[in-house]
Amino acid sequence: MKSKTMTGSEAIIQCLLKEKVDTVFGYPGGAIMPVYDSIFDYQDKIRHILTRHEQGLVHAAQGYARVTGKAGVCIATSGPGATNLITGIADAMMDSTPLVCIIGQVPSPLLGTDAFQEADIIGMTTPCTKWNYQITSVDEIPEVLSKAFYIANSGRPGPVVLMVTKNAQFDSLDFEYKKTTWMNSYKPENYLDYNKIKKAADLINSAKKPYLLFGQGVVLSGAENELQAFLEKTGIPAASTLLGLSALPSDHPNYVGMLGMHGNYGPNLLTNECDVLIGVGLRFDDRVTGNASKYAKQAKIIHIEMDESELGKIVTPKVPVAGDAKEVLSALMPLVHQSDHSTWMKEFRSCDVLEFDEVIKNEFDESKEELSMAYVCRKLSEAADHNAVLVTDVGQHQMIANRYFKFKNTRSVITSGGLGTMGFALPAAMGAKLGDDSRTVISIAGDGGFQMTMQELGTIAQHQISVKMVILNNHFLGMVRQWQELFFEKRYSFTEIESPDFVQIAQAYNIPAWSISEKKDLENKINEMLSTEGPALLEVKVEKEDNVFPMVPSGAAVNEVLLKP
């Protein structure tokens, strides 16, 4: 392939085209201006979305990545532009979201001089990236960009940060691009240990009460069909982590619900009664295990995980299997027996009845005047025929929405799991809709989280991004208030929050909006919102002191899950 002479800034755009990037999220500034001058000539090939804040652009890139499976691309300037990205970069690292962040930097001769808008972003992001690198010479650009996309997308995905000095953007090179397919120093794939596969199969075949937990690793590896086939052959009950939701259809007969601090009753309680526990593509983090010293001590654990560093980090598996979920489940299939665990499954269904009687029945009591968050979320899911992409912020509404929404299709849940970032939902929903315009995208946020990034209404309006936005307004920072109620004697210290008129704010951006507080109006307004062409916003005023149950209290074992205060 014959090389072509061009500037470093144009080379960056050519690298994006070689990686088939169709959308970037960015905010211009002095140190990245040469790249913006170059992208001006490629607007027919790359869609640039100008957000209203750098935090908005990185969360939007996350939403895009989560719905498409491709790396989201961010462009920002140095100094504050770069530091504003760090929350989203850390969020992406915790939730294994592939990002490539291209950030301008002061010219090489000024590095280390405290020049205007200089910041050591490489030092700041080293703990929260898969890889970062500062490009100081134009000749580095093609190779480094190629490595960046390979690292972000391969193995356990994650964010990559590239700083590009201004001189490297201005200087010229003979451009030639070689797509990276391997690196000496980086081995993202694991060779399957078939002895361990056989040991895992033997444990599964001998189990009387086997139980499978699946996480986002199933989605990231594209193992949804393999998981379903495995469960149908073995008859094993299966529960999902928060980020694993939608990998298995909600109505699948082997599906028993969501586990974790605010998960379903049975999936938590019966963890400490199974004899073999199979974890597929999850980290066994504290929200899953509760008190790890009391977690599944009676069970022989099989942990299937791409990232070897997660094996044995929290729980000690009898059989640790390092590998891609799709490959491991495929290897297990011919070795596991056709089994019937219907008696064991009935224990989960009995727990469902108890949870319904103690929690769910009250949530959907038609005689109650006030709207509960659960009632609203279930009506939203039903109105979208359980086909929507659900994007949630962080807090009570997050747990409730993910409990009561139902899912037919994979990649239908986008939320901030590991970092728990308020303000995530609105920009992430923008990115999700831009990533897949064929799907209905519903953003659900609390009144607190929505106000953290509501400036992105400007982005939504400018680009007419057809996101359906729901604000569940209880005039509190709800999850913190719940903890204050339960564990701090109802001392509501600085959790009550006053909000602006959300309808007027949306209408100022020419976005249709409504506010309701009565049940009789709910279904009509949901349908009106969903049928509105383009973006639309619905504020629902819900109970002020609505709580999320079940709940595994902090420090408690998973079988100490509470159904009520």
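Residues numbered from 1 in each chain as written. Predicted model: local features only at pLDDT ≥ 70, side-chain atom pairs only at ≥ 80, totals over all residues. Heavy atoms only, no water.

**Points about the packing of aromatic side chains**
Stated formally: A pair of Phe, Tyr and Trp rings is counted when the ring centres sit within 6.5 Å of each other, with Trp represented by its six-membered ring. The angle between the planes then sorts it: under 30 degrees is stacked, over 60 is edge-to-face, the rest tilted. Using a 1.4 Å probe on the protein chains alone, a residue whose accessible area is under 20% of its type maximum counts as buried, one over 50% counts as exposed, and one in between counts as partly exposed. For the purposes of this entry, the term helix denotes a DSSP run of H or I that reaches at least four residues, the term strand denotes a run of E that reaches at least two, and both are numbered from the N terminus. Any Lys NZ or Arg CZ that is within 6 Å of a ring centre and within 35 degrees of that ring's normal is treated as a charge sitting over the ring.
All told, the structure shown has 14 aromatic pairs when counted by the stated rule. Taking 6.3 Å as the distance between ring centres and 20° as the angle between the ring planes, the aromatic pair formed by F175 and Y177 counts as stacked. A relative accessible area of 10% places Y177 in the buried class. With 5.5 Å between their ring centres and 70° between their planes, F476 and Y492 make a pair best called edge-to-face. Placement of F476 in the loop between β18 (468-473) and α21 (478-487) and of Y492 in the loop between α21 and α22 (502-508) is noted, with a sequence separation of 16 residues between them. Overall, Y492 belongs to the partly exposed group, its relative accessible area being 25%. Ring pairs connect the aromatic residues Y211, W344 and F348, which therefore count as one cluster. Taking the ring centre of F476 as reference, the NZ or CZ of R481 above it sits at 5.7 Å.

**Side note on the pattern of salt bridges**
Going by this rule: Salt bridges are defined by distance alone: a side-chain nitrogen of Lys or Arg within 4 Å of a carboxyl oxygen of Asp or Glu.
With the rule as written, the count across this model stands at 23 salt bridges. With a shortest N-O distance of 3.0 Å, E310 and K313 are connected by a salt bridge. Overall, E310 belongs to the buried group, its relative accessible area being 5%. In this structure K313 comes out as partly exposed when scored by relative accessible area, which is 47%.

**Focus on the packing of helix α16 (residues 373-383) against helix α23 (residues 519-531)**
Basically, it comes down to this: To obtain an axis, a line is fitted to C-alpha atoms, over the contacting stretch when the element is a helix, and the angle between two such axes runs from 0 to 180 degrees between their N-to-C directions. In this scheme, roughly parallel covers angles under 35 degrees and roughly antiparallel covers those over 145, while 65 to 115 is roughly perpendicular and the rest are oblique. Crossing handedness: left-handed means the near helix sits turned counterclockwise from the far one by under a right angle, and right-handed means the same turn made clockwise. Contacts were defined at the residue level, with two residues in contact if any of their heavy atoms lie within 4.5 Å. Residue classes follow a fixed rule: Ala, Val, Leu, Ile, Met, Phe, Trp, Tyr, Cys and Pro count as nonpolar, while Asp, Glu, Lys and Arg count as charged, and any other residue, Gly among them, counts as polar.
Where α16 meets α23, the closest approach of the two axes is 10 Å, and the angle between their N-to-C directions is 40°. As far as their axial angle goes, α23 and α16 are oblique. Considering how the two elements wind past one another, α16 and α23 form a crossing that is right-handed. Of the residues in α23, those in contact with Y375, V376, K379, L380 and A383 of α16 are K519, L522, E523, I526, N527, M529 and L530. Split by residue class, the contact of α16 with α23 holds eight nonpolar, one polar and three charged.

**Quick word on the domain arrangement of the protein chain**
Which entries qualify depends on this criterion: Per the annotation, domain bounds derive from an automatic or database assignment of domains. In short, buried area is how much 1.4 Å probe accessible area vanishes from two parts on joining, totalled over both. Think of a polar contact as two N or O atoms within 3.5 Å of one another; within protein, one of them needs to be a possible hydrogen donor and the other a possible acceptor, and neighboring residues in sequence only count if both atoms come from side chains.
In terms of domain boundaries, the protein chain breaks down into domain 1 (6-173), domain 2 (194-347) and domain 3 (373-541). On the side of domain 3, 28 residues touch domain 1, which itself brings 25 residues to the contact. Each partner contributes to the roughly 2000 Å² buried at the junction of domain 1 and domain 3, and carbon and sulfur atoms together form 61% of this total. By the criterion of area lost to domain 3, the three top residues of domain 1 are R52, R66 and V67, representing 32% of everything that side buries. Between the two partners, domain 1 and domain 3, sit zero salt bridges. Linking domain 1 with domain 3 are twelve residue pairs in polar contact (both at pLDDT 80 or more), by the criterion used here. The set of elements that each furnish at least two residues to the side of domain 1 that touches domain 3 consists of β3 (47-50), α3 (54-68) and α5 (86-94). Taken together, the residues of the side of domain 1 that touches domain 3 break down into nine nonpolar, eleven polar and five charged.

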